[in-house]
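Listed here are the chains, written in short residue letters.
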Amino acid sequence: MLTTGMSLEQKIVVTEKVTADNFGSGILPVYATPCMIGLMENTANLCVQPHLDEGCGTVGTAVNIKHVAATPIGMTVTCVAKLVEIDRRRLVFEVKAFDEAGLIGEGIHERFIIDNEKFMAKVNEKKNK
């Protein structure tokens, strides 16, 4: 059962694979903003997935994120996603990311609960148009 206040935390170590220069979002070897946002989305998704009906999942529909500090290779990033609003199938999360020196990113992420099979059927219809 989904309840507001539920949360999940994930940690990753920044490697060359997730840097701005490697990812193509910048030229410096620091944690890439798109990778941070991806971690936030993944953490929110994993937070609720065990509580959904069988055959259901969530898809990201909105992000409003600020990346406020750079993180170098080798540091650990901790991401926390907290479910703050449930409006039928719409889920709103407060997301934050920290490295050992403090806050590096924060914002709001929105996801919708979907029936996986129906969603993919609709997506695959696009191929026939």
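In case you missed it, the structure is sitting above this.
Residues numbered from 1 in each chain as written. Predicted model: local features only at pLDDT ≥ 70, side-chain atom pairs only at ≥ 80, totals over all residues. Heavy atoms only, no water.

### Details of unusual backbone geometry
Inference 1: In this structure, Arg88 is a non-glycine residue whose phi angle is positive, near 55°.
Inference 2: With respect to the helices, strands and loops of the structure, Arg88 is situated in the loop between strand E3 (76–87) and strand E4 (90–99). (Helix = DSSP H or I, 4+ residues; strand = E, 2+ residues; numbered from the N terminus.)

### Here we look at the nonpolar core
Inference 1: Counting 27 residues, the largest nonpolar core has Leu2, Tyr31 and Phe93 as the members making the most contacts within it.
Inference 2: When residues of this core are traced back to their parent elements, those giving at least two are helix H2 (33–48), strand E2 (56–67), E3, E4 and strand E5 (102–115).
Inference 3: Per element, the largest residue contribution to this core is seven residues, and it comes from H2.
Inference 4: Leu2 has contacts with Val48, His51, Leu52, Leu83, Ile86, Leu91 and Ile113, leaving out every residue within four places of it along the chain. (Core = buried A, V, L, I, M, F, W, Y, C linked by side-chain atoms within 4.5 Å. Buried < 20%, exposed > 50% of the residue type's maximum accessible area, 1.4 Å probe, protein only. Contact = heavy atoms within 4.5 Å.)

### A few points about the pairing of E3
Inference 1: Of the strand pairs in this sheet, strand E1 (residues 7–13) and E3 are connected by seven bridges, and their pairing is antiparallel. Within the sheet, the bridge partner assigned to Lys11 lies in E3 and is Thr78.
Inference 2: Where E3 lies against E4, nine bridges are found, and the strand directions are antiparallel. Note on E4: the bridge partner recorded for Glu85 is Val92. (Pairing = 2+ DSSP bridges.)

### Comments concerning the sheet that holds E1
Inference 1: Strand order in the open sheet formed by five strands is E1-E3-E4-E5-E2, and the pairing between neighbours is antiparallel. Of all the strands in the sheet, the pair left with one neighbour each is E1 and E2. The sheet shows a mean angle of 25° between the axes of neighbouring strands, direction not considered.
Inference 2: Strands E1, E2, E3, E4 and E5 of the sheet are contacted by H2, whose axis makes an angle of about 140° with E2.
Inference 3: Packed on one face of the sheet, helix H3 (residues 116–125) meets E2 and E5 and runs near 90° to E5. (Axes fitted to C-alpha atoms, helices over the stretch in contact; angles between N-to-C directions.)

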